[in-house]
Amino acid sequence: MNGDFELFHVIWFPFMAAFLCYLTGMRHKMIRDRVLQLSVILEMGLMVLAAGAYLRTGELEFIWEDFCMQGLYLKLDGFRLLYGCIAALMWMMTGIFSREYFAHYRNRNRYYFFYLLTLGATVGVFLSGDLYTTFVFFEIMSLASYVWVIHDEKPAAMKAGEIYLAIAVIGGLVMLMGLFLLYDAAGTLRMSELHDAVEAVMQEKGMQIYAAGLCMLFGFGAKAGMFPLHVWLPKAHPVAPAPASALLSGILTKTGVFGVLVISAEIFRYDPQWGRLILYLGTITMFGGAFLAVFSIDLKRTLACSSMSQIGFILVGAGMMELLGAENALAVRGTILHMVNHSMIKLILFMAAGVVYRNLHALDLNEIRGFGYQKPLLKAIFLTGALSIGGIPGFSGYVSKTLLHESIVEYASELAAHGEPSLWIRGIEWVFLLTGGMTIAYMTKLFAAVFLEKHPDRQQEYDAKTAYMNQESIFALLIPAILLAAMGFLPYQTMNRIADLAQGFLHGEMPAHAVHYFSLANLKGAVISMTIGVLVYFGVIRRYLMGKDEKGRTCYLNVWPGWLDLEDLVYRPVFAKAAAAFAGYFCGLADRLYLVRNLLKGALEVSAFLSRICDYLMDTVLVLFRSTTHKSRTERHVYLIGSVFSRTLGKILDQIVRVINHTIRRKNPIERSFVVTFAEWEEMINRTNRLIGASLSFGLMLAAIGLALTLVYLLWW
């Protein structure tokens, strides 16, 4: 091991803390909770120390050459520092918040153990300097976070865990295949070397490079929640504990985005075909998530669908980075800043949702409406996140969405200037603005339901809950809200510096001119989205998605058809048919192999029988020749039959028989050659061993196929 050990400490400290926390929890739960909080605070301190070292000396590197034979390569630059600090901050805040949230939960020891393991793995992903290191930590993170999803162990949680684990495992295997293809073609997995290595072989191995990129996009896109691999996200978030939901949405999805950005910036830099693919997938993800959120009446499910939509915004930025080429400053900065915004926003919103759930044990808008009516602090915190994610001017989300929108406008202008069709990119711009409007609409729905409306039956009970969160929870919610508000109110002093720090990772340059966020041209897009948001809220949500219950009271309607679920409608039937076809093919193949084996076995038995007859006849002929005219010549040939051992033993017995024939058996001599007999027995034994070996190999092969099919059956059903 060599290099800057600050990176090593940042990665491995959470792993060691996980075991310490677990062992402590076996003795004393209260001390365990404090150990957890101290661990996440110390991890934040280690990231601050690493940041100080980076600011003093520049980029940091750590190499562990012998790790898993491939080596472990960690690196710290501006972007990695930014997201390492965001990850540590989010774990610190959710760790502080968890003490109150999990006060009455069971299996806390298990949850905290995997909570800290996931922290170390997530930071490892963001600090990885090559894709092998990324893959190692990515898989640890995916498997460890599975425990978060199933923590309640209720049927809904277990089902969500199934799809989460299935997509994580399948995505990881497909990603690994992509890494194999990429390494075979380029000869390296180091991110800093990939662009030159790929460029050198693109003419010769272009198809292999694109195949590798698509495989890796599948793996990283699955974790990011990219369409059509998003199905785990709306199901895992509502059933997972609120602190876990905040991390799943705010930071674990960004590990997938991190991979997509690496592929785009290093392997397919400025590739318009790759850019269009990412742009189209991002647009569908962006619009689809917002559309689902408009119809949702579950607080955390709405936020989960919102996460899918915001990931779509980020992917749109990643696509525009490719299409704009070297002039992609706005897209690069908008992508980075929207990643940061979304992480901070979802940290606030999911923890606020956790406060609601901890007090009411419900998430349905009809049951929780009015809970925050008399809770100004929680109302202000939630409103900060809602206005930011809605892209309202004066809040941080407006800055990043403005940059992304302007990158689309810039590319449309370039196409028009070169006489190329620009209608398609104008269409994407309007989808962007429409999605921004739907974001405002569904966030207005959530805010109005929880904080502005009153519950028809339980409002007095809700208003009486004045001690709805303790001081630690207030701290965990208030600090991120203050940071988010500062980013929105002071974009030039905060967000511009964040973009300056991280843009080198994506090979972005400084904009040709300063961006005036609050100019009329930039405000125009926000005004259009806000107008659309008002129309969607009052024209769709209030009019068609609200109605009367059996008691005549106004309520939110769940009009989304239950059958319209991509997982149940497409994925499970397709995979069930594929699994059945796969099993049928191999069972049929096994049947054919078994038939062939029986035929061969019968043929071998017939052959062995005929061989024994031939051997017996040959033995008779040889004995006859030995006793008559060709006695000496026969002996010379007989000694060539069988092995050295059988010939030697047969010769000894033949000599003994000869003596017996000349003495006590003179009248009735023994007419038999033991050399031939032993050779026959030896051949029979060898043939039998070969048959047994073939049968054993065939049996082992069938057993292996059976175990594989059993594993597939258990994982699927």
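Analysis parameters
- Residues numbered from 1 in each chain as written.
- Predicted model: local features only at pLDDT ≥ 70, side-chain atom pairs only at ≥ 80, totals over all residues.
- Heavy atoms only, no water.
- Helix = DSSP H or I, 4+ residues; strand = E, 2+ residues; numbered from the N terminus.
- Buried < 20%, exposed > 50% of the residue type's maximum accessible area, 1.4 Å probe, protein only.
- Contact = heavy atoms within 4.5 Å.
- Expected span 1.5 Å × (residues − 1).
- Axes fitted to C-alpha atoms, helices over the stretch in contact; angles between N-to-C directions.
- Parallel < 35°, antiparallel > 145°, perpendicular 65-115°, else oblique.
- Nonpolar A, V, L, I, M, F, W, Y, C, P; charged D, E, K, R; others polar.
- Salt bridge = Lys/Arg side-chain N within 4 Å of Asp/Glu carboxyl O.
- Polar contact = N/O pair within 3.5 Å; in protein donor to acceptor, adjacent residues only side chain to side chain.
- Bend = angle between axes of the 7 residues up to and from the residue.
- pLDDT = per-residue confidence, 0-100.
- Pairing = 2+ DSSP bridges.
- Core = buried A, V, L, I, M, F, W, Y, C linked by side-chain atoms within 4.5 Å.
- Patch = residues over 30% accessible without salt bridge, like charges linked within 9 Å, V, L, I, M, F, W, Y side chains within 5 Å.
- Areas by Shrake-Rupley, 256 points an atom, 1.4 Å probe, with all protein chains shown as cover.
- Phe/Tyr/Trp six-rings, centres within 6.5 Å; stacked < 30°, edge-to-face > 60°.
- Lys NZ or Arg CZ within 6 Å of the ring centre and 35° of its normal.
- Lys, Arg positive; Asp, Glu negative; His and termini not counted.
- Left-handed = near helix turned anticlockwise from the far one by under 90°.

Visitor: I tried to follow the overall build of the protein on my own but got confused; where do I start?
Guide: The helix and strand inventory of the protein stands at 24 helices and five strands. When the 717 residues of the protein are sorted by exposure, 55% land in the buried category. Considering only intrachain contacts with a sequence separation of at least 6, the fraction spanning at least 24 residues in the protein is 79%.

Visitor: Would you take a moment to explain helix H12 (residues 329-360) for this structure?
Guide: Along an α-helix, residues three or four positions apart point the same way, because every turn accommodates 3.6 residues. In a regular helix each residue adds 1.5 Å, so 32 residues correspond to 46 Å; H12 covers 46 Å between its end C-alpha atoms and thus fits that length. Counting buried residues in H12 gives 31 out of 32 residues, a clear majority hidden from the surface. Following H12 by one or two positions, His361 has its phi on the positive side, about 55°.

Visitor: Before we go on, may I ask you to explain the packing of helix H5 (residues 131-149) against helix H7 (residues 191-224) in this structure?
Guide: Angle between the axes and distance between the axes are the two parameters that describe a pair of packed helices. H7 packs onto H5 with a crossing angle of 5° between their chain directions and a minimal axis gap of 14 Å. Considering the angle they form, H5 stands roughly parallel to H7. Taken together, the residues of H7 that come into contact with H5 (itself represented by Leu131, Thr134, Phe138, Met141 and Ser142) are Met191, Leu194, Met216, Gly219, Phe220 and Lys223. Looking at the contact of H5 with H7 residue by residue, the class counts come to seven nonpolar, three polar and one charged.

Visitor: Would you explain the pattern of salt bridges in this entry?
Guide: Working definition: two side chains of opposite charge can pair if their charged atoms are close together. All told, the structure shown has 16 salt bridges when counted by the stated rule. The salt bridge partner of Arg99 is Glu472, with a shortest N-O separation of 3.6 Å. Highlighted residues: Arg99 in helix H3 (residues 78-101) and Glu472 in helix H18 (residues 471-489), separated in sequence by 373 residues. Residues joined by salt bridges that share partners form a network here, namely Arg32, Asp33 and Arg108.

Visitor: What's the story with the side chain of Thr122 in this structure? I'm lost.
Guide: If you trace the backbone, Thr122 turns up in helix H4 (residues 108-127). A relative accessible area of 0% places Thr122 in the buried class. A distance of 2.7 Å separates a polar side-chain atom of Thr122 from the backbone oxygen of Thr118. In this structure, Thr122 is in contact with Trp91, Met141, Ile251, Leu252 and Thr255, ignoring residues within four places of it in sequence.

Visitor: Even after reading the chapter, I still don't get H7, so can you show me in this structure?
Guide: Compared with an ideal rise of 1.5 Å per residue, which puts 34 residues at 50 Å, H7 spans 20 Å between its outermost C-alpha atoms and falls more than 12% short. Where H7 bends most, at Lys205, the angle is about 110°. Immediately downstream of H7, the backbone of Gly225 shows phi near 90°, a positive value.

Visitor: In this structure, what is going on with the confidence of the model for the protein? I would like to understand it.
Guide: Caution is warranted with low-pLDDT regions, since their predicted coordinates should not be read in detail. The pLDDT averaged across the protein works out to 83; a share of 84% of its residues lies at or above 70. Considering only residues more than four positions removed or in separate chains, one finds that residues 631-639, a stretch of pLDDT under 50, has 16 contacts.

Visitor: How should I be thinking about the environment of Val540 in this particular structure?
Guide: With respect to the helices and strands, the residue Val540 is situated in helix H20 (residues 520-544). Residues Val540 and Phe295, 245 residues apart in the sequence, show an inter-C-alpha distance of 9.7 Å. Apart from residues no more than four positions distant in its own chain, Val540 is found in contact with Leu535 and Leu545.

Visitor: What is the right way to read the environment of Ala679 from this model?
Guide: Checked against the element boundaries, Ala679 lands in helix H24 (residues 674-716). Looking at Ala679, the relative accessible area reads 6%, which means it is buried. Considered as a pair, Ala679 and Gly650 are 29 residues apart in the sequence and their alpha carbons are 8.6 Å apart.

Visitor: Is there a simple way to think about unusual backbone geometry in this case?
Guide: Across the chain, the bulk of peptide bonds are trans and the bulk of non-glycine residues have phi less than zero. Omega for the bond connecting Phe227 with Pro228 falls within 30 degrees of zero, at 5°, which places this linkage in the cis form. The topology assignment puts Pro228 in the loop between H7 and helix H8 (233-239). At Tyr270, a residue that is not glycine, the phi angle is positive and equals roughly 60°. Relative to the assigned elements, Tyr270 resides in the loop between helix H9 (242-267) and helix H10 (272-295). Tyr270 gets classed as partly exposed once you look at its relative accessible area, which sits at 33%.

Visitor: What am I meant to see in the pairing of strand E3 (residues 72-76) here?
Guide: A regular strand places its side chains on the two faces of the sheet in alternate fashion. A large share of E3 lies buried, amounting to five of its five residues. Neither face of E3 is exposed, since Leu72, Leu74 and Leu76 on one face and Tyr73 and Lys75 on the opposite face are all buried. Alignment of strand E2 (residues 60-64) against E3, held across five bridges, turns out to be antiparallel. For Ile63, the partnering residue across the bridge sits in E3 and is Tyr73.

Visitor: Can you help me understand the nonpolar core in this one?
Guide: General note: in soluble globular proteins, nonpolar side chains tend to be found buried as a group. By size, the foremost hydrophobic cluster in this structure holds 216 residues, and its most contacted members are Trp91, Leu182, Met216, Ile251 and Met320. Here the element with the most residues in this core is H12; it accounts for 20 residues. Not counting residues within four places of it along the chain, the set of residues in contact with Leu182 comprises Leu131, Gly187, Leu189, Leu194, Val198, Ile209, Ala212, Met216 and Ile267.

Visitor: Looking at this structure, how should I read the environment of Met469?
Guide: Secondary-structure assignment places Met469 in the loop between helix H17 (459-463) and H18. With 372 residues separating them along the chain, Met469 and Phe97 place their C-alpha atoms 9.5 Å apart. Ignoring anything within four residues of it in the chain, the contact list for Met469 reads Glu100, Val355, Arg358, Leu377, Ile474 and Leu477.

Visitor: Even after reading the chapter, I still don't get a nonpolar patch on the surface, so can you show me in this structure?
Guide: A cluster of nonpolar side chains, contributed by Tyr22, Leu23 and Met26, occupies part of the molecular surface with about 320 Å² of accessible area. In this fold, Met26 is placed in the loop between helix H1 (5-25) and helix H2 (29-57).

Visitor: Looking at this structure, I do not really get the packing of aromatic side chains. What am I missing?
Guide: The geometry of an aromatic ring pair is captured by two quantities: the separation of the ring centres and the angle between the planes. Counted under the stated rule, the structure contains 44 aromatic pairs. Grouped by ring-pair contacts, the aromatic residues Trp91, Phe97, Tyr101, Phe102, Tyr105, Tyr111, Tyr112, Tyr115 and Trp148 constitute a single cluster. Its guanidinium or amino end placed over the ring of Phe371, Lys375 lies 4.4 Å from that ring's centre, counting from NZ or CZ.

Visitor: How should I be thinking about the side chain of Glu43 in this particular structure?
Guide: Relative to the helices and strands, Glu43 resides in helix H2. Despite its burial, Glu43 pairs with no opposite charge, the nearest such side chain being Arg80 at 14 Å.

Visitor: Please clarify how the packing of H5 against H9 should be interpreted in this entry.
Guide: Interhelical geometry of H5 versus H9 gives an angle of 160° and a closest axis separation of 12 Å. Relative to H9, the element H5 is oriented roughly antiparallel. Between H5 and H9 lies a crossing whose hand is left-handed. Residues Leu131, Thr134, Phe138, Met141, Ser145, Trp148 and Val149 of H5 touch H9, and the partners they reach there are Ala244, Leu247, Leu248, Leu252, Thr255, Gly256, Phe258 and Val262. In terms of residue class, the contact of H5 with H9 is made up of 11 nonpolar, four polar and no charged.

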